[in-house]
Amino acid sequence: MAEQTTSSIVIDAEPRAVMDVIADFEAYPAWAKGVRTVEVVDPGTGDRADQVFFSLDVSPIKDEYTLAYEWDGDRAVTWTLVEGKMLRALDGAYLLKERGDGSTEVTYRLALDVSIPVIGMLKRKGEKILIDAALKGLKKRVESL
């Protein structure tokens, strides 16, 4: 994975509840900032998709892309870009750590690359905006269910 941005948040729920929200892609437009449409391209086996198409519009990123997912139970999920219009790479992960008090620490790692030249500092800022919005949205969604 290329240089990445990482951030964490504590969610007042067990890892399974957090991972269930992460895996519920069809609900993303209701809580994930900038996600306009989502379509499961390859449902995989079980209840967690292997490939998912997204239409995203959150400054500074506006794109349509497909991600491939790898699941590790309720501990982690990683993804890589299959194809995108503006994005050349979008590698990320949610890492879940049970805290023993009914809450879960969620760490989000993200590395992206775009087809247009962008100064590294601006790319990291874009990653930080995406991560912070995703973690706050995930926390709010999980704790409201």
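In this text, all values refer to a predicted model and were calculated from it rather than measured experimentally.

Caption draft 1: Quick peek at the packing of aromatic side chains. If you walk through the whole model with that rule in mind, you get twelve aromatic pairs. Pairing Tyr 28 with Phe 54 gives two aromatic rings, centres 6.1 Å apart and planes at 50 degrees, and the pair type is tilted. Highlighted residues: Tyr 28 in helix 2 (residues 28–31) and Phe 54 in strand 3 (residues 51–58), separated in sequence by 26 residues. Each member of the pair, Tyr 28 together with Phe 54, is buried. Three or more aromatic residues joined by ring pairs form one cluster here, namely Phe 25, Tyr 28, Trp 31, Phe 54, Tyr 65, Tyr 69, Trp 71, Trp 79, Tyr 94 and Tyr 108.

Caption draft 2: Representation of the nonpolar core within the structure. In terms of nonpolar packing, the biggest core is built from 42 residues, with Phe 54, Tyr 94 and Leu 138 touching the most fellow members. A per-element tally of this core places helix 3 (residues 120–144) first, with six residues. Once residues lying within four places of it in the same chain are set aside, the contact partners of Tyr 94 are Ile 22, Arg 75, Ala 76, Val 77, Trp 79, Val 106, Thr 107, Tyr 108, Ala 134, Leu 135 and Leu 138.

Caption draft 3: The arrangement of the sheet that holds strand 1 (residues 5–11) in detail. Taken in spatial order, the seven strands of this open sheet run 1-7-6-5-4-3-2, and their pairing is antiparallel. Two strands in the sheet have a free side with no partner beyond their single neighbour: strand 1 and strand 2 (35–42). If you compare each strand with its neighbour and ignore which way they point, the axes differ by 25 degrees on average. Relative to strand 3, strand 2 runs antiparallel, the two being bridged by six bridges. Bridge assignment links Val 35 to a residue of strand 3, and that residue is Leu 56.

Caption draft 4: Highlighting the side chain of Ser 103. With respect to the helices and strands, Ser 103 occurs in the loop between strand 6 (87–98) and strand 7 (104–114). Among the residues examined, Ser 103 registers a relative accessible area of 6% and is labelled buried. There is a polar contact of 2.4 Å between the side chain of Ser 103 and the side chain of Asp 101. What Ser 103 contacts, discounting residues up to four positions off in sequence, is Val 10, Ile 11, Asp 12, Ala 13, Lys 97 and Glu 98.

The rules behind each value
Residues numbered from 1 in each chain as written. Predicted model: local features only at pLDDT ≥ 70, side-chain atom pairs only at ≥ 80, totals over all residues. Heavy atoms only, no water. Phe/Tyr/Trp six-rings, centres within 6.5 Å; stacked < 30°, edge-to-face > 60°. Helix = DSSP H or I, 4+ residues; strand = E, 2+ residues; numbered from the N terminus. Buried < 20%, exposed > 50% of the residue type's maximum accessible area, 1.4 Å probe, protein only. Core = buried A, V, L, I, M, F, W, Y, C linked by side-chain atoms within 4.5 Å. Contact = heavy atoms within 4.5 Å. Pairing = 2+ DSSP bridges. Axes fitted to C-alpha atoms, helices over the stretch in contact; angles between N-to-C directions. Polar contact = N/O pair within 3.5 Å; in protein donor to acceptor, adjacent residues only side chain to side chain.

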